[in-house]
Amino acid sequence: MLTALNTLTNAFSKQFFSKSISQSQYWLYCLICMLVTLFVYREWVTISTPISLFYDEAYYLSWAQSFEWGYYSKPPVVAWLIALSTSLFGQAEWAVKLSAPVLYTATAYLLYCINSRWFSPRAGFWAACIFITMPLVSLNSLFVTTDAPQLFFWALASYFFIRANEKNHWVWWLLAGCAGGLGLLSKYTFILLPVAFLCFALVSKKGKRILRNTKFWCACLLAMLILLPNLYWNFQYDFISFQHTSEISKHGENSASFLRMLEFLGLQLIVFGPAFLIYLISKTKAHKRLPKLKQRDSVKLLWCLFWPTIVVISLQAFLARANMNWAASAYVAASLLAGFYISRQKKPSWLIAGLFCNFLLMLSFYHFNSFTKTIGVERTQHNDPFKRIVGWPEFVAQFQPYFNLYPDHKLASNSRKLLAYFGYYLQPNDFTGISMDGDLHIDHHYDLMYSMGESNESQFLFITDNWNEDKLKQYFHRVELVTQQSLPIYSSMQRQADLYKVAGFKGYLDEKTQ
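Computed from a predicted structure; not experimentally measured.

A few points about the packing of helix α2 (residues 23–48) against helix α7 (residues 121–133)
For the pair α2 and α7, interaxial distance at closest approach is 9 Å and the crossing angle is 10 degrees. In this view, α2 runs roughly parallel relative to α7, as classed from their interaxial angle. In contact with Gln23, Ser24, Trp27, Cys30, Leu31, Met34, Leu35, Leu38 and Arg42 of α2, α7 contributes Pro121, Arg122, Phe125, Trp126, Ala128, Cys129, Ile132 and Thr133. Split into classes, the residues belonging to the contact of α2 with α7 amount to 12 nonpolar, 3 polar and 2 charged.

Next comes the structure, spelled out in C-alpha coordinates:
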(Lines give C-alpha, C1' and ligand atoms only; values in the text may rest on other atoms or scores of the structure.)
Protein backbone atom coordinates (compact mmCIF):
# COMPACT_ATOMS: atom_id res chain seq x y z
CA MET A 1 0.00 0.00 0.00
CA LEU A 2 2.84 2.41 0.87
CA THR A 3 4.65 1.54 -2.38
CA ALA A 4 1.47 2.21 -4.31
CA LEU A 5 1.11 5.59 -2.57
CA ASN A 6 4.68 6.58 -3.53
CA THR A 7 4.14 5.40 -7.12
CA LEU A 8 0.93 7.39 -7.34
CA THR A 9 2.67 10.50 -5.98
CA ASN A 10 5.54 10.21 -8.47
CA ALA A 11 3.15 9.65 -11.36
CA PHE A 12 1.19 12.78 -10.46
CA SER A 13 4.42 14.70 -10.08
CA LYS A 14 5.59 13.90 -13.60
CA GLN A 15 2.16 14.40 -15.15
CA PHE A 16 1.11 17.62 -13.48
CA PHE A 17 4.36 19.50 -13.00
CA SER A 18 5.10 19.02 -16.69
CA LYS A 19 1.94 21.03 -17.34
CA SER A 20 2.95 23.75 -14.88
CA ILE A 21 0.28 22.79 -12.38
CA SER A 22 0.53 24.58 -9.03
CA GLN A 23 1.87 22.84 -5.95
CA SER A 24 -1.46 23.18 -4.14
CA GLN A 25 -3.32 21.56 -7.04
CA TYR A 26 -0.80 18.73 -7.14
CA TRP A 27 -1.20 17.88 -3.46
CA LEU A 28 -4.99 18.26 -3.70
CA TYR A 29 -5.20 15.81 -6.61
CA CYS A 30 -3.01 13.34 -4.73
CA LEU A 31 -5.26 13.72 -1.69
CA ILE A 32 -8.47 13.15 -3.64
CA CYS A 33 -7.09 10.00 -5.28
CA MET A 34 -5.89 8.65 -1.93
CA LEU A 35 -9.17 9.39 -0.11
CA VAL A 36 -11.36 7.98 -2.88
CA THR A 37 -9.22 4.82 -3.08
CA LEU A 38 -9.40 4.21 0.68
CA PHE A 39 -13.13 4.94 0.80
CA VAL A 40 -13.90 2.47 -2.00
CA TYR A 41 -11.57 -0.12 -0.43
CA ARG A 42 -13.26 0.16 2.97
CA GLU A 43 -16.72 -0.10 1.45
CA TRP A 44 -15.56 -3.18 -0.46
CA VAL A 45 -14.31 -4.74 2.80
CA THR A 46 -17.60 -3.96 4.55
CA ILE A 47 -19.76 -5.47 1.80
CA SER A 48 -17.59 -8.40 0.68
CA THR A 49 -16.51 -9.75 4.09
CA PRO A 50 -19.34 -8.97 5.07
CA ILE A 51 -19.04 -6.92 8.27
CA SER A 52 -22.31 -7.49 10.13
CA LEU A 53 -23.69 -5.01 12.61
CA PHE A 54 -22.20 -4.59 16.04
CA TYR A 55 -25.07 -4.57 18.53
CA ASP A 56 -24.55 -0.88 19.31
CA GLU A 57 -25.15 -0.16 15.62
CA ALA A 58 -28.37 -2.18 15.63
CA TYR A 59 -29.28 -0.34 18.85
CA TYR A 60 -28.67 3.07 17.23
CA LEU A 61 -30.72 1.95 14.23
CA SER A 62 -33.68 1.42 16.56
CA TRP A 63 -33.21 5.01 17.75
CA ALA A 64 -33.21 6.21 14.16
CA GLN A 65 -36.78 5.04 13.65
CA SER A 66 -38.03 8.21 15.35
CA PHE A 67 -36.62 11.73 15.31
CA GLU A 68 -35.71 12.87 18.81
CA TRP A 69 -33.43 15.54 20.27
CA GLY A 70 -31.86 12.96 22.52
CA TYR A 71 -31.61 9.25 23.24
CA TYR A 72 -30.81 7.26 26.34
CA SER A 73 -27.00 7.24 26.29
CA LYS A 74 -25.98 9.64 23.52
CA PRO A 75 -26.95 12.92 21.93
CA PRO A 76 -28.91 12.53 18.69
CA VAL A 77 -26.57 13.06 15.71
CA VAL A 78 -25.49 9.41 15.33
CA ALA A 79 -29.14 8.33 15.08
CA TRP A 80 -29.90 11.17 12.65
CA LEU A 81 -27.03 10.07 10.41
CA ILE A 82 -28.25 6.47 10.37
CA ALA A 83 -31.78 7.68 9.62
CA LEU A 84 -30.43 9.70 6.68
CA SER A 85 -28.28 6.94 5.18
CA THR A 86 -30.95 4.23 5.58
CA SER A 87 -33.69 6.45 4.15
CA LEU A 88 -31.53 6.95 1.04
CA PHE A 89 -30.10 3.45 0.60
CA GLY A 90 -32.26 1.07 2.64
CA GLN A 91 -31.39 -0.86 5.78
CA ALA A 92 -28.59 -3.08 4.48
CA GLU A 93 -25.64 -3.29 6.86
CA TRP A 94 -23.38 -1.18 4.65
CA ALA A 95 -26.06 1.54 4.49
CA VAL A 96 -26.38 1.64 8.30
CA LYS A 97 -22.60 2.09 8.52
CA LEU A 98 -22.19 4.47 5.57
CA SER A 99 -21.96 7.78 7.43
CA ALA A 100 -18.80 6.65 9.25
CA PRO A 101 -16.44 6.33 6.24
CA VAL A 102 -18.05 9.37 4.62
CA LEU A 103 -17.41 11.58 7.66
CA TYR A 104 -13.87 10.29 8.24
CA THR A 105 -13.07 11.04 4.59
CA ALA A 106 -14.55 14.54 4.95
CA THR A 107 -12.59 15.09 8.17
CA ALA A 108 -9.33 14.18 6.43
CA TYR A 109 -10.13 16.74 3.73
CA LEU A 110 -10.76 19.40 6.39
CA LEU A 111 -7.34 18.66 7.92
CA TYR A 112 -5.80 19.20 4.50
CA CYS A 113 -7.58 22.57 4.30
CA ILE A 114 -6.41 23.63 7.78
CA ASN A 115 -2.74 22.76 7.33
CA SER A 116 -2.71 24.14 3.77
CA ARG A 117 -4.00 27.43 5.09
CA TRP A 118 -1.64 27.58 8.07
CA PHE A 119 1.50 25.93 6.74
CA SER A 120 1.62 24.36 3.25
CA PRO A 121 -0.34 22.00 0.97
CA ARG A 122 2.34 19.38 1.62
CA ALA A 123 1.69 19.63 5.38
CA GLY A 124 -2.04 19.38 4.65
CA PHE A 125 -1.62 16.26 2.56
CA TRP A 126 0.43 14.42 5.16
CA ALA A 127 -1.94 15.45 7.95
CA ALA A 128 -4.84 13.97 5.98
CA CYS A 129 -2.86 10.78 5.26
CA ILE A 130 -1.96 10.34 8.92
CA PHE A 131 -5.55 10.87 10.04
CA ILE A 132 -7.27 8.64 7.49
CA THR A 133 -4.85 5.75 8.14
CA MET A 134 -4.69 5.95 11.93
CA PRO A 135 -5.88 2.68 13.49
CA LEU A 136 -8.89 4.19 15.26
CA VAL A 137 -10.21 5.58 11.98
CA SER A 138 -9.45 2.34 10.13
CA LEU A 139 -11.41 0.36 12.73
CA ASN A 140 -14.29 2.81 13.08
CA SER A 141 -14.70 3.18 9.30
CA LEU A 142 -16.35 -0.27 9.44
CA PHE A 143 -18.70 0.66 12.31
CA VAL A 144 -20.86 3.72 12.81
CA THR A 145 -20.20 5.30 16.22
CA THR A 146 -20.37 8.75 17.78
CA ASP A 147 -16.65 9.25 17.07
CA ALA A 148 -17.23 9.92 13.35
CA PRO A 149 -19.50 12.98 13.74
CA GLN A 150 -17.57 14.22 16.77
CA LEU A 151 -14.24 14.26 14.89
CA PHE A 152 -15.84 15.77 11.80
CA PHE A 153 -17.44 18.66 13.67
CA TRP A 154 -14.29 19.13 15.77
CA ALA A 155 -12.30 19.62 12.56
CA LEU A 156 -15.05 21.74 10.98
CA ALA A 157 -15.35 24.01 14.02
CA SER A 158 -11.55 24.39 14.05
CA TYR A 159 -11.51 25.32 10.36
CA PHE A 160 -14.29 27.90 10.78
CA PHE A 161 -12.50 29.27 13.84
CA ILE A 162 -9.32 29.75 11.81
CA ARG A 163 -11.23 31.60 9.08
CA ALA A 164 -13.07 33.69 11.66
CA ASN A 165 -9.88 34.63 13.47
CA GLU A 166 -8.25 35.77 10.22
CA LYS A 167 -10.80 38.40 9.21
CA ASN A 168 -13.09 38.55 12.26
CA HIS A 169 -16.17 38.35 10.03
CA TRP A 170 -19.45 37.45 11.67
CA VAL A 171 -20.30 34.76 9.12
CA TRP A 172 -17.27 32.63 10.07
CA TRP A 173 -17.89 33.03 13.80
CA LEU A 174 -21.53 31.99 13.35
CA LEU A 175 -20.48 29.00 11.26
CA ALA A 176 -17.99 28.05 13.97
CA GLY A 177 -20.79 28.26 16.54
CA CYS A 178 -23.07 26.06 14.42
CA ALA A 179 -20.32 23.45 13.98
CA GLY A 180 -19.66 23.57 17.71
CA GLY A 181 -23.34 23.05 18.50
CA LEU A 182 -23.58 20.07 16.16
CA GLY A 183 -20.42 18.71 17.77
CA LEU A 184 -22.09 18.89 21.18
CA LEU A 185 -25.08 17.08 19.71
CA SER A 186 -22.67 14.38 18.51
CA LYS A 187 -20.82 13.61 21.75
CA TYR A 188 -20.77 15.37 25.09
CA THR A 189 -16.96 15.27 25.35
CA PHE A 190 -16.99 17.91 22.61
CA ILE A 191 -17.20 20.37 25.51
CA LEU A 192 -13.41 19.98 25.76
CA LEU A 193 -12.97 22.11 22.62
CA PRO A 194 -13.55 25.42 24.45
CA VAL A 195 -11.09 24.22 27.13
CA ALA A 196 -8.42 24.21 24.42
CA PHE A 197 -9.01 27.91 23.72
CA LEU A 198 -8.76 28.74 27.42
CA CYS A 199 -5.41 26.92 27.53
CA PHE A 200 -4.30 28.79 24.41
CA ALA A 201 -5.02 32.08 26.20
CA LEU A 202 -2.62 31.04 28.97
CA VAL A 203 0.30 30.47 26.60
CA SER A 204 -0.25 33.04 23.86
CA LYS A 205 -1.00 36.74 23.58
CA LYS A 206 -3.04 35.93 20.49
CA GLY A 207 -5.12 33.58 22.61
CA LYS A 208 -5.85 36.36 25.10
CA ARG A 209 -7.08 38.58 22.28
CA ILE A 210 -9.44 35.82 21.12
CA LEU A 211 -11.01 35.60 24.58
CA ARG A 212 -11.56 39.37 24.53
CA ASN A 213 -13.41 39.09 21.22
CA THR A 214 -17.19 39.42 21.65
CA LYS A 215 -17.80 37.44 18.47
CA PHE A 216 -15.96 34.44 19.90
CA TRP A 217 -18.29 34.36 22.90
CA CYS A 218 -21.31 34.81 20.63
CA ALA A 219 -20.16 31.71 18.73
CA CYS A 220 -19.92 29.82 22.03
CA LEU A 221 -23.41 31.02 22.98
CA LEU A 222 -24.79 29.88 19.63
CA ALA A 223 -23.29 26.42 20.18
CA MET A 224 -25.02 26.17 23.55
CA LEU A 225 -28.32 27.34 22.06
CA ILE A 226 -28.11 24.51 19.52
CA LEU A 227 -27.57 22.08 22.42
CA LEU A 228 -30.61 23.40 24.32
CA PRO A 229 -33.21 21.08 22.71
CA ASN A 230 -31.13 18.10 23.86
CA LEU A 231 -30.93 19.52 27.37
CA TYR A 232 -34.70 19.99 27.36
CA TRP A 233 -35.17 16.39 26.19
CA ASN A 234 -32.93 15.27 29.06
CA PHE A 235 -34.93 17.43 31.46
CA GLN A 236 -38.08 15.56 30.41
CA TYR A 237 -36.39 12.24 31.24
CA ASP A 238 -34.63 13.25 34.48
CA PHE A 239 -31.33 13.92 32.63
CA ILE A 240 -31.00 10.24 31.83
CA SER A 241 -28.10 10.72 29.39
CA PHE A 242 -25.98 12.40 32.04
CA GLN A 243 -26.93 9.78 34.62
CA HIS A 244 -25.75 7.09 32.19
CA THR A 245 -22.51 8.95 31.43
CA SER A 246 -21.79 9.22 35.13
CA GLU A 247 -22.55 5.53 35.66
CA ILE A 248 -20.31 4.21 32.86
CA SER A 249 -17.43 6.47 33.86
CA LYS A 250 -17.44 4.84 37.31
CA HIS A 251 -18.61 1.35 36.36
CA GLY A 252 -16.72 -1.40 38.13
CA GLU A 253 -14.09 0.89 39.62
CA ASN A 254 -13.96 2.10 43.20
CA SER A 255 -10.51 3.61 43.62
CA ALA A 256 -7.86 5.58 41.77
CA SER A 257 -5.29 3.58 39.87
CA PHE A 258 -2.03 4.62 38.19
CA LEU A 259 -1.94 1.25 36.47
CA ARG A 260 -5.30 1.90 34.84
CA MET A 261 -4.13 5.31 33.66
CA LEU A 262 -0.91 3.84 32.25
CA GLU A 263 -2.95 1.19 30.46
CA PHE A 264 -5.11 3.91 28.88
CA LEU A 265 -2.03 5.87 27.79
CA GLY A 266 -0.44 2.74 26.37
CA LEU A 267 -3.55 2.03 24.32
CA GLN A 268 -3.19 5.44 22.69
CA LEU A 269 -0.29 3.95 20.72
CA ILE A 270 -2.87 1.73 19.04
CA VAL A 271 -5.39 4.55 18.62
CA PHE A 272 -3.07 6.91 16.70
CA GLY A 273 -0.39 4.49 15.56
CA PRO A 274 2.79 3.75 17.57
CA ALA A 275 5.34 5.40 15.27
CA PHE A 276 3.37 8.63 14.77
CA LEU A 277 2.53 9.04 18.47
CA ILE A 278 6.14 8.51 19.56
CA TYR A 279 7.28 10.95 16.89
CA LEU A 280 4.69 13.53 17.93
CA ILE A 281 5.58 13.37 21.63
CA SER A 282 9.24 13.89 20.70
CA LYS A 283 8.20 17.19 19.06
CA THR A 284 6.43 18.63 22.12
CA LYS A 285 8.81 21.60 22.48
CA ALA A 286 9.80 21.92 18.82
CA HIS A 287 7.51 24.93 18.30
CA LYS A 288 9.94 27.09 20.28
CA ARG A 289 12.48 26.77 17.49
CA LEU A 290 10.11 27.87 14.71
CA PRO A 291 11.35 31.10 13.07
CA LYS A 292 7.93 32.60 12.28
CA LEU A 293 5.68 33.91 15.04
CA LYS A 294 2.56 33.00 13.07
CA GLN A 295 3.71 29.39 12.83
CA ARG A 296 4.57 29.31 16.53
CA ASP A 297 1.09 30.55 17.47
CA SER A 298 -0.58 28.07 15.13
CA VAL A 299 1.42 25.16 16.53
CA LYS A 300 0.74 26.33 20.10
CA LEU A 301 -2.99 26.26 19.40
CA LEU A 302 -2.74 22.74 17.99
CA TRP A 303 -0.87 21.57 21.09
CA CYS A 304 -3.65 23.15 23.16
CA LEU A 305 -6.17 21.17 21.12
CA PHE A 306 -4.20 18.00 21.87
CA TRP A 307 -2.88 17.99 25.44
CA PRO A 308 -5.95 19.12 27.48
CA THR A 309 -8.07 16.30 26.06
CA ILE A 310 -5.36 13.71 26.72
CA VAL A 311 -4.82 15.01 30.27
CA VAL A 312 -8.53 15.17 31.16
CA ILE A 313 -9.30 11.67 29.87
CA SER A 314 -6.13 10.27 31.48
CA LEU A 315 -7.30 11.75 34.77
CA GLN A 316 -10.67 10.08 34.21
CA ALA A 317 -8.85 6.78 33.67
CA PHE A 318 -6.91 7.33 36.89
CA LEU A 319 -9.98 8.14 38.98
CA ALA A 320 -12.44 5.60 37.56
CA ARG A 321 -12.23 4.29 33.98
CA ALA A 322 -11.87 5.47 30.40
CA ASN A 323 -12.28 3.67 27.10
CA MET A 324 -9.37 3.90 24.70
CA ASN A 325 -11.34 6.03 22.22
CA TRP A 326 -12.54 8.66 24.69
CA ALA A 327 -9.66 10.98 23.77
CA ALA A 328 -10.25 10.53 20.03
CA SER A 329 -10.81 14.25 19.40
CA ALA A 330 -7.22 14.98 20.45
CA TYR A 331 -5.99 13.17 17.34
CA VAL A 332 -7.43 15.77 15.00
CA ALA A 333 -4.78 18.19 16.28
CA ALA A 334 -2.24 15.35 16.52
CA SER A 335 -2.65 14.63 12.81
CA LEU A 336 -2.24 18.31 11.96
CA LEU A 337 0.90 18.58 14.09
CA ALA A 338 2.48 15.40 12.77
CA GLY A 339 1.70 16.44 9.20
CA PHE A 340 3.33 19.82 9.76
CA TYR A 341 6.51 18.48 11.37
CA ILE A 342 6.92 15.70 8.82
CA SER A 343 6.47 18.14 5.92
CA ARG A 344 9.58 20.00 7.17
CA GLN A 345 11.75 16.88 7.14
CA LYS A 346 14.14 16.15 4.29
CA LYS A 347 14.33 12.43 5.14
CA PRO A 348 10.83 10.98 5.63
CA SER A 349 11.94 8.12 7.87
CA TRP A 350 9.22 8.71 10.49
CA LEU A 351 6.60 9.10 7.76
CA ILE A 352 7.53 5.76 6.19
CA ALA A 353 7.62 4.02 9.57
CA GLY A 354 4.32 5.56 10.67
CA LEU A 355 2.41 4.78 7.48
CA PHE A 356 3.87 1.28 7.38
CA CYS A 357 2.67 0.59 10.95
CA ASN A 358 -0.77 2.04 10.30
CA PHE A 359 -1.27 0.23 6.99
CA LEU A 360 -0.08 -3.02 8.54
CA LEU A 361 -2.56 -2.69 11.42
CA MET A 362 -5.36 -1.81 8.99
CA LEU A 363 -4.69 -4.71 6.63
CA SER A 364 -4.26 -7.23 9.44
CA PHE A 365 -7.61 -6.16 10.90
CA TYR A 366 -9.55 -5.96 7.63
CA HIS A 367 -8.25 -9.31 6.33
CA PHE A 368 -7.86 -11.19 9.59
CA ASN A 369 -9.89 -14.16 8.37
CA SER A 370 -7.90 -14.58 5.16
CA PHE A 371 -4.61 -14.04 6.96
CA THR A 372 -5.29 -16.70 9.61
CA LYS A 373 -6.40 -19.19 6.94
CA THR A 374 -3.22 -18.57 4.95
CA ILE A 375 -0.88 -19.19 7.88
CA GLY A 376 -3.00 -22.01 9.31
CA VAL A 377 -3.98 -20.39 12.61
CA GLU A 378 -7.34 -21.35 14.09
CA ARG A 379 -9.67 -18.47 14.89
CA THR A 380 -10.79 -18.43 18.52
CA GLN A 381 -12.58 -16.05 20.86
CA HIS A 382 -9.15 -15.12 22.18
CA ASN A 383 -7.60 -13.95 18.90
CA ASP A 384 -10.48 -12.92 16.62
CA PRO A 385 -11.13 -9.14 16.65
CA PHE A 386 -14.55 -9.79 15.06
CA LYS A 387 -15.69 -12.24 17.75
CA ARG A 388 -18.45 -9.95 19.03
CA ILE A 389 -20.23 -9.74 15.66
CA VAL A 390 -19.58 -13.18 14.16
CA GLY A 391 -22.61 -15.38 13.53
CA TRP A 392 -25.45 -13.09 14.58
CA PRO A 393 -27.37 -13.06 11.27
CA GLU A 394 -27.23 -16.87 11.13
CA PHE A 395 -28.11 -17.22 14.80
CA VAL A 396 -31.21 -15.01 14.56
CA ALA A 397 -32.26 -16.82 11.37
CA GLN A 398 -32.57 -20.05 13.39
CA PHE A 399 -35.41 -18.42 15.36
CA GLN A 400 -37.17 -16.88 12.35
CA PRO A 401 -39.57 -19.82 11.73
CA TYR A 402 -40.85 -19.63 15.31
CA PHE A 403 -41.52 -15.91 15.08
CA ASN A 404 -43.37 -16.62 11.82
CA LEU A 405 -45.60 -19.09 13.70
CA TYR A 406 -46.69 -16.44 16.21
CA PRO A 407 -46.98 -13.14 14.32
CA ASP A 408 -49.36 -11.76 16.97
CA HIS A 409 -46.72 -12.11 19.73
CA LYS A 410 -44.45 -9.13 20.45
CA LEU A 411 -40.65 -9.46 20.67
CA ALA A 412 -39.42 -9.10 24.26
CA SER A 413 -36.18 -9.77 26.13
CA ASN A 414 -34.19 -9.05 29.26
CA SER A 415 -31.13 -8.19 27.11
CA ARG A 416 -30.40 -4.98 25.19
CA LYS A 417 -28.07 -6.92 22.90
CA LEU A 418 -30.73 -9.50 21.99
CA LEU A 419 -33.40 -6.82 21.45
CA ALA A 420 -31.05 -4.94 19.12
CA TYR A 421 -29.91 -7.95 17.10
CA PHE A 422 -33.31 -9.66 16.88
CA GLY A 423 -34.98 -6.33 16.13
CA TYR A 424 -32.75 -5.89 13.08
CA TYR A 425 -32.18 -9.39 11.74
CA LEU A 426 -35.74 -10.72 12.19
CA GLN A 427 -38.08 -10.19 9.25
CA PRO A 428 -40.06 -8.04 9.46
CA ASN A 429 -37.86 -5.79 11.59
CA ASP A 430 -39.05 -4.95 15.09
CA PHE A 431 -37.19 -1.94 16.44
CA THR A 432 -39.54 -1.50 19.41
CA GLY A 433 -38.87 -4.74 21.26
CA ILE A 434 -40.19 -4.78 24.82
CA SER A 435 -37.65 -4.74 27.64
CA MET A 436 -38.13 -6.61 30.91
CA ASP A 437 -34.96 -7.25 32.91
CA GLY A 438 -36.56 -7.72 36.31
CA ASP A 439 -36.14 -4.32 37.95
CA LEU A 440 -37.26 -0.72 37.63
CA HIS A 441 -33.79 0.70 36.97
CA ILE A 442 -33.47 2.21 33.49
CA ASP A 443 -30.39 0.62 31.90
CA HIS A 444 -30.89 1.42 28.21
CA HIS A 445 -33.19 2.97 25.62
CA TYR A 446 -35.55 -0.03 25.50
CA ASP A 447 -36.08 0.33 29.26
CA LEU A 448 -36.75 4.03 28.79
CA MET A 449 -39.15 3.84 25.84
CA TYR A 450 -40.43 0.25 25.61
CA SER A 451 -40.68 -1.05 29.14
CA MET A 452 -42.84 -4.10 29.83
CA GLY A 453 -44.66 -2.17 32.53
CA GLU A 454 -45.76 0.47 29.99
CA SER A 455 -46.59 -1.92 27.14
CA ASN A 456 -50.13 -2.38 25.80
CA GLU A 457 -49.24 -5.82 24.41
CA SER A 458 -50.37 -8.95 26.23
CA GLN A 459 -48.50 -11.81 24.49
CA PHE A 460 -44.76 -11.97 23.94
CA LEU A 461 -42.03 -14.10 22.42
CA PHE A 462 -39.35 -13.69 25.07
CA ILE A 463 -35.75 -14.33 23.94
CA THR A 464 -33.13 -14.81 26.65
CA ASP A 465 -29.66 -16.25 27.05
CA ASN A 466 -29.52 -16.33 30.86
CA TRP A 467 -33.05 -16.78 32.26
CA ASN A 468 -34.87 -20.09 32.72
CA GLU A 469 -38.54 -21.00 32.99
CA ASP A 470 -38.63 -20.62 36.78
CA LYS A 471 -37.22 -17.12 36.54
CA LEU A 472 -39.81 -16.08 33.95
CA LYS A 473 -42.65 -17.49 36.05
CA GLN A 474 -41.82 -14.88 38.68
CA TYR A 475 -43.01 -12.23 36.20
CA PHE A 476 -45.59 -13.95 33.95
CA HIS A 477 -48.64 -16.09 34.60
CA ARG A 478 -48.12 -18.22 31.49
CA VAL A 479 -44.68 -19.40 30.33
CA GLU A 480 -44.06 -21.97 27.58
CA LEU A 481 -40.71 -22.95 26.08
CA VAL A 482 -40.86 -22.68 22.27
CA THR A 483 -37.31 -23.60 21.24
CA GLN A 484 -33.69 -23.67 22.34
CA GLN A 485 -31.11 -22.85 19.71
CA SER A 486 -27.33 -22.74 19.58
CA LEU A 487 -24.79 -21.88 16.91
CA PRO A 488 -21.11 -22.93 17.11
CA ILE A 489 -18.82 -19.95 16.54
CA TYR A 490 -15.45 -21.42 17.51
CA SER A 491 -14.39 -24.84 18.72
CA SER A 492 -14.85 -23.68 22.32
CA MET A 493 -17.59 -21.06 21.96
CA GLN A 494 -21.18 -20.98 20.79
CA ARG A 495 -24.11 -18.60 20.81
CA GLN A 496 -27.21 -19.95 22.50
CA ALA A 497 -30.59 -18.63 23.61
CA ASP A 498 -34.05 -19.85 24.61
CA LEU A 499 -37.33 -18.60 23.20
CA TYR A 500 -40.45 -18.60 25.37
CA LYS A 501 -44.10 -17.71 24.83
CA VAL A 502 -45.15 -15.61 27.80
CA ALA A 503 -48.35 -13.80 28.78
CA GLY A 504 -49.96 -12.21 31.81
CA PHE A 505 -47.31 -9.85 33.13
CA LYS A 506 -47.44 -9.78 36.95
CA GLY A 507 -45.34 -6.66 37.49
CA TYR A 508 -41.84 -6.11 38.79
CA LEU A 509 -40.73 -7.78 42.00
CA ASP A 510 -39.51 -4.54 43.58
CA GLU A 511 -42.98 -3.03 42.94
CA LYS A 512 -44.54 -5.89 44.91
CA THR A 513 -42.19 -5.52 47.86
CA GLN A 514 -42.81 -1.80 48.28
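The structure having been displayed, the exposition proceeds.
Some words on the pattern of salt bridges
Under the defined criterion, the tally for this structure stands at 9 salt bridges. With its nearest N and O atoms 2.8 Å apart, the salt bridge here joins Lys410 to Asp430. Here the residue Lys410 occupies a position in strand β1 (residues 410–413), and Asp430 occupies one in the loop between α23 (416–425) and β2 (434–435), the gap between them amounting to 20 residues. Across this residue pair, the class does not change: Lys410 and Asp430 are buried. When salt bridges that share partners are traced, they join Arg117, Arg163 and Glu166 into one network.

With respect to the sheet that holds strand β5 (residues 493–505)
Taken in spatial order, the 5 strands line up as β2-β1-β3-β5-β4 in an open sheet, and their pairing is mixed. At either end of the open sheet lies a strand with only one pairing partner, and these are β2 and β4 (476–490). Of the pairings in the sheet, the one linking β1 to strand β3 (residues 459–464) comprises 4 bridges and is parallel in character. Residue Lys410 lies in a different strand from β3, and its bridge partner there is Phe460. Most of the contacts of α23 go to β1, to which it runs at about 155 degrees, and overall it touches β1, β2 and β3.

So, the packing of aromatic side chains
Applying the stated criterion across every chain, the model contains 61 aromatic pairs. On the basis of an interplanar angle of 75 degrees and a centroid distance of 5.8 Å, the ring pair of Phe161 and Trp173 is categorised as edge-to-face. With Phe161 in helix α9 (residues 147–167) and Trp173 in helix α10 (residues 170–184), this pair connects stretches of sequence that are 12 residues apart. Taken individually, Phe161 and Trp173 each receive the classification buried, so the pair is uniform in this respect. Here the aromatic rings of Tyr421 and Tyr425 are separated by 6.1 Å at their centres, their planes lie at 25 degrees, and the arrangement is stacked. Taken together, the residues Tyr421 and Tyr425, both in helix α23 and 4 residues apart, mark about one turn of the helix. Residue classification places Tyr425 among the buried residues on the basis of a relative accessible area of 14%. An aromatic cluster is present here, built from Phe54, Tyr55, Trp392, Phe395, Phe399, Phe403, Tyr421, Phe422, Tyr424 and Tyr425 joined pairwise through their rings. Over the ring of Tyr59 we find Arg416; its NZ or CZ atom is 4.4 Å from the centre of that ring. Here the basic side chain of Lys471 rests over the ring of Trp467, its NZ or CZ set 5.2 Å away from the ring centre.

The rules behind the values
- Residues numbered from 1 in each chain as written.
- Predicted model: local features only at pLDDT ≥ 70, side-chain atom pairs only at ≥ 80, totals over all residues.
- Heavy atoms only, no water.
- Axes fitted to C-alpha atoms, helices over the stretch in contact; angles between N-to-C directions.
- Helix = DSSP H or I, 4+ residues; strand = E, 2+ residues; numbered from the N terminus.
- Parallel < 35°, antiparallel > 145°, perpendicular 65-115°, else oblique.
- Contact = heavy atoms within 4.5 Å.
- Nonpolar A, V, L, I, M, F, W, Y, C, P; charged D, E, K, R; others polar.
- Salt bridge = Lys/Arg side-chain N within 4 Å of Asp/Glu carboxyl O.
- Buried < 20%, exposed > 50% of the residue type's maximum accessible area, 1.4 Å probe, protein only.
- Pairing = 2+ DSSP bridges.
- Phe/Tyr/Trp six-rings, centres within 6.5 Å; stacked < 30°, edge-to-face > 60°.
- Lys NZ or Arg CZ within 6 Å of the ring centre and 35° of its normal.

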